[in-house]
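# An overview of the molecular structure
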Amino acid sequence: MHTLRIGTDILGKIITRAATITGEYLAPYRTEHFRDAVERRLRALDLSSYEAYLTHLERDEDEAYAMLNEAFVGVTGFFRDAQAFDALSEHLTRRFCQHPSPLRAYVAACSTGQEALSIFILLERLRQAMGLPEPAPLVATDINPHAIETACEGVYTADQLRGLSSSLRHQFFEPHPRGCRLLPRYRRRIRYQVSDVLRERPPGRFELICCRNLLIYLQPRAQLHLLNSLHNALRPGGLLFLGAYESAAPLPALFALVDADHSIYARRP
Ligand SMILES: C[S@@+](CC[C@H](N)C(=O)[O-])C[C@H]1O[C@@H](n2cnc3c(N)ncnc32)[C@H](O)[C@@H]1O
């Protein structure tokens, strides 16, 4: 249990209480990260103030789980920020030309799987084009067990699949009553796990790590901790792909900038 006080203002007290009830480690996050989630819960419960919400939280411990589920529901999508994926594809093409060997990839904070699948599809197309053997399964993790359950099922609605061209849809998915499902031969090649990337080590060593839109929610110290941990999990020269508003610049001794416009870094040896 974490009884660490996260803030003395009312939002801080709510987060401290939620952390104590659930045992989740919430101190690394910016307090603001939880504001939208608490506001959505206020509306759902028809409560008019944070004080009333804190009283409700004291009476009903399940509420802490409901609020955290809101906070960790990740906005995501296929090939979110398409230009960044195009840039990554160019860097990976160069890498495959220099080292024509399979590449191990890890997607941290993968939410419901769309980002892991975007990386998987990109790598699989390059691999097939170069006639390379299959690599070890792509590993993808998220702290939210509900998100990982959805990712493992691999079913996406037509709306969620809008970011994918119809040729990619046909190559990688099959029809399903709720939309489309990733083909079994590809499902086998992605390993999803529930994991807190701030408390557990990345599951192996990789040539590519994608960790997008998590650093922005963290306090500066937690950002450094996470970047250090991802550095340790990258093989020398391996690529780190961050979100549009994220950077590894605070650790220049560990990461070399590869593409400033698209937040791509390489691990220094
Ligand atoms: C905004 S979403 C980003 C999803 C995806 N990376 C993208 O950019 O499309 C943030 C994700 O980070 C996950 N997350 C938050 N804290 C985490 C932690 N400590 N370990 C692993 N995942 C975490 C959330 O559950 C959520 O799915």
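Residues numbered from 1 in each chain as written. Predicted model: local features only at pLDDT ≥ 70, side-chain atom pairs only at ≥ 80, totals over all residues.

## Thoughts on the nonpolar core
Quick reminder of the rule: Here, a nonpolar core means buried Ala, Val, Leu, Ile, Met, Phe, Trp, Tyr and Cys residues linked by C-beta atoms lying within 7 Å of one another. Residues with at least 20 neighbouring C-beta atoms inside 10 Å of their own are called buried, those with 12 or fewer are called exposed, and the rest are partly exposed, where every C-beta is derived from the backbone. Secondary structure elements follow DSSP: runs of H or I of four or more residues count as helices, runs of E of two or more count as strands, with numbering from the N terminus. We call two residues in contact whenever the C-beta atoms placed from their backbones are within 7 Å.
The biggest cluster of nonpolar side chains holds 54 residues, and the ones touching the most others in it are Val-107, Ala-116, Ile-209 and Leu-240. Broken down by element, the residue count for this core peaks at six residues, all from helix H6 (residues 114-130). The contacts of Leu-240, once residues within four sequence positions are left out, are Ile-209, Leu-230, Leu-234, Ala-248, Phe-255, Tyr-265 and Arg-267. Membership of the second largest hydrophobic core comes to 16 residues, among which are Ile-14, Ile-15, Ala-18 and Phe-34.

## Focus: unusual backbone geometry
Backbone geometry at Phe-79 places phi at a positive 45°, although glycine is not the residue there. Inspection of the secondary structure puts Phe-79 in the loop between helix H4 (62-71) and helix H5 (82-98). With 20 C-beta atoms packed within 10 Å, Phe-79 lands in the buried category. Its identity as a non-glycine residue notwithstanding, Asp-81 has a phi of 70°, on the positive side. Secondary-structure assignment places Asp-81 in the loop between H4 and H5. Accessibility expressed as a C-beta count within 10 Å gives 16 for Asp-81, which makes it partly exposed.

## A word on the site of the ligand
Stated precisely, the cut-off is as follows: As used in this record, a residue near a molecule or strand is one whose C-beta atom, placed from the backbone, is within 6 Å of it. Residues are grouped as follows: Ala, Val, Leu, Ile, Met, Phe, Trp, Tyr, Cys and Pro are nonpolar; Asp, Glu, Lys and Arg are charged; every other residue, Gly included, is polar.
Around the ligand sit 20 residues, and of these Phe-72, Gly-74, Thr-76, Ala-109 and Ser-111 come closest. Each residue belonging to the shell around the ligand can be placed in one class, and the counts come to nine nonpolar, six polar and five charged.

## Here we look at the domain arrangement of the protein
Heads up, the condition is: Note that the domain bounds were set by an automatic or database domain assignment.
We note that the domain assignment places domain 1 (10-71) and domain 2 (82-267) within the protein. Contact with domain 1, which involves six residues of that partner, is made by seven residues of domain 2. The residue inventory of the side of domain 1 that touches domain 2, partitioned by class, reads three nonpolar, two polar and one charged.

## What to know about the UniProt feature "domain: CheR-type methyltransferase" (unreviewed entry) in the protein
Put simply, the test is: UniProt positions are given in the numbering used here, feature names are shortened, and annotations may be inferred rather than shown by experiment.
Feature annotation in UniProt places "domain: CheR-type methyltransferase" (unreviewed entry) on residues 22-269, given in this structure's numbering. Along residues 22-269 the backbone is 40% helical and 19% strand, and the end-to-end C-alpha distance reaches 39 Å.

## Structural notes on the environment of Tyr-50
Along the polypeptide, Tyr-50 turns up in helix H3 (residues 50-59). Discounting chain neighbours no more than four positions away, the residues touching Tyr-50 are Ile-10, Leu-11, Ile-14 and Val-38.

## Observations regarding the sheet that holds strand S10 (residues 264-267)
Whenever strands of a sheet pair, they do so through backbone hydrogen bonds, lying parallel or antiparallel. We count it as follows: Two strands form a pair only when DSSP identifies at least two bridges running between them. Axis definition: a line fit to C-alpha positions, over the contact stretch in the case of helices; interaxial angles, taken between N-to-C directions, run 0 to 180 degrees.
One open sheet accounts for seven strands, arranged S6-S2-S1-S7-S8-S10-S9; its pairing is mixed. Looking along the sheet, the strands with just one partner apiece sit at the ends: strand S6 (190-194) and strand S9 (255-259). Direction aside, the axes of adjacent strands within the sheet are offset by 20° on average. Relative to S6, strand S2 (residues 138-142) is paired through five bridges, and the arrangement is parallel. If you follow Asp-142 over to S6, its bridge partner there is Val-194.

## What to know about the pairing of S10
Where strand S8 (residues 234-242) and S10 come together, three bridges link them in antiparallel fashion. Note that in S10 the partner of Phe-241 across the bridge is Ile-264. Relative to S10, S9 is paired through four bridges, and the arrangement is antiparallel. Counted as the bridge partner of Asp-259 is Ile-264 from S10. Two successive antiparallel strands, S9 and S10, enclose a turn made up of four residues, where Ser-263 displays a positive phi of approximately 55°.

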